[in-house]
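# What the coordinates show
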Amino acid sequence: MANISMQNLNKVYDNKVQAVFDFNLEVKDGELIVLVGPSGCGKSTTLRMIAGLEDITQGRLLLNGKDITQSPAKDRDMAMVFQNYALYGHMTVYENMAFSLTLRKEDPNVIHKKVLAAAEILGLTDQLNKKPKQLSGGQRQRVAMGRAIVRNPQVFLFDEPLSNLDAKLRGATRREILLLHKRMNATMLYVTHDQTEALTLADRIVCMSMGHVQQIGTPIELYDSPANLFVASFIGLPPMNFFDVVIEKGEAKSGLFTLKLTEDERRALSAYEGKTVVLGVRPENIQEGGEVIVNVSVNENLGMNTLVHGTLSDEKTHITCKLRGWCEYDKGDRVGVTFVKRHFFDKNTTNAIR
């Protein structure tokens, strides 16, 4: 069992720069939590505080109810998988995986059983006598994961483990991590800047920006109900389109188009009559056939879908539509579209209007 409680964690470096502000999170046993955000948002720093590789400036960290805020990394019973694999080049795969157990002076027979069991889980049985330089990037990352598995820790920590892999290997290794989690039912914290990894792996996502938590929720919650403009723009690929609109008498008017509000939208926006708000529309929530005219700039066929990039009638306001099927538009074509699902945000606070 491994429950983690992070209570008001703060990180301030010696130069007075604060990297993390009041981080709060309760991680349940067996949960896979993904910390996601742009570079420099504080996600890796948070993970390193949990691992004991960075001191916690303020706040408390509890593991199964025990305060480990000041405990050294070696006493936290956590295993970390790094971006750069951190393998010993002069050792074989077997020796790399067994290294931490050998340091503990565990029984060689026990070590052998643990290494073979981990190698079988990760498909490395035939690679145990090879050196890291003889392996592909994906295989090296699996060795790093195997080294963590043999320790049988209470918590697995992953710090952008797939960043050095090409797109195909990233997808394959991502699936392996997901299968590993389901097979071991282990508590995992995973850091990435890749929202696809976050959406596909996480039980819950922690979205961060500039050291602050922006939203915590399931992948579908962050995708369907973003808490603010940052989450709405960061989660989803291609990113959400945004337009300033004025709410007037049951309509949202931009000067470029006018949308009739639904009853639910009217109720949510009742306090914004005559005011400007931000309308957000995901490219995949745009369909052909409607009164919003798109002047096509670029047409990207993806097979099942087509990304149509263009501008509205002012030729300055950009829009991206993800239309179904194989669309053969040319630069200069005019396409009528409709917005089938809309999000609204307060222009001043940037918070979502529910």
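What this report covers is the structure whose coordinates are included nearby. Computed from a predicted structure; not experimentally measured.

## Here we look at the overall build of the protein
What the protein contains, in helices and strands, is nine helices and 19 strands. Dimensions along the principal axes, computed over C-alpha positions, put the protein at roughly 75 × 45 × 35 Å. Out of the 354 residues belonging to the protein, those deemed buried represent 48%. Expressed as a percentage of contacts within the protein between residues at least 6 apart in sequence, the contacts between residues at least 24 apart total 65%. Just so you have it, the protein exposes about 17400 Å², and 49% of that area is on carbon and sulfur atoms.

## Comments concerning the side chain of Q127
You can see Q127 is positioned in the loop between helix 3 (108-122) and helix 4 (137-150). You can call Q127 buried: its relative accessible area is 12%. Not counting residues up to four positions away in its chain, the partners in contact with Q127 are V93, L135 and Q139.

## Points about the nonpolar core
Residues M97 and Y190 are the most contacted members of the largest nonpolar core, which totals 43 residues. Of all the elements, helix 4 adds the most residues to this core, at six residues. With residues near it in sequence (within four places) discarded, M97 still touches V115, A118, A119, L124, L128, V143, G146, R147 and V150. Listed in part, the 28 residues of the second largest apolar core include L25, L47, I50 and L61.

## Description of the pairing of strand 19 (residues 343-346)
Covered by surrounding structure in strand 19 are H343 and F345 together with F344 and D346, the residues of both alternating faces. Pairing geometry for strand 14 (residues 276-281) and strand 19, over four bridges, is antiparallel. Paired with V277 across the strands is D346, a residue of strand 19.

## A short note on the pattern of salt bridges
Counted according to the given criterion, the structure contains 14 salt bridges. Of the charged contacts in the structure, one is a salt bridge between K74 and D75, with a shortest N-O distance of 3.3 Å. Assessed through its relative accessible area of 69%, K74 is described here as exposed. The exposure class assigned to D75 is partly exposed, which follows from its relative accessible area of 47%. Between K253 and E248 there is a salt bridge, and its shortest N-O distance comes to 3.5 Å. Each of K11, R48 and E54 takes part in a single network of salt bridges with overlapping partners.

Cut-off values and rules
Residues numbered from 1 in each chain as written. Predicted model: local features only at pLDDT ≥ 70, side-chain atom pairs only at ≥ 80, totals over all residues. Heavy atoms only, no water. Helix = DSSP H or I, 4+ residues; strand = E, 2+ residues; numbered from the N terminus. Buried < 20%, exposed > 50% of the residue type's maximum accessible area, 1.4 Å probe, protein only. Contact = heavy atoms within 4.5 Å. Areas by Shrake-Rupley, 256 points an atom, 1.4 Å probe, with all protein chains shown as cover. Core = buried A, V, L, I, M, F, W, Y, C linked by side-chain atoms within 4.5 Å. Pairing = 2+ DSSP bridges. Salt bridge = Lys/Arg side-chain N within 4 Å of Asp/Glu carboxyl O.

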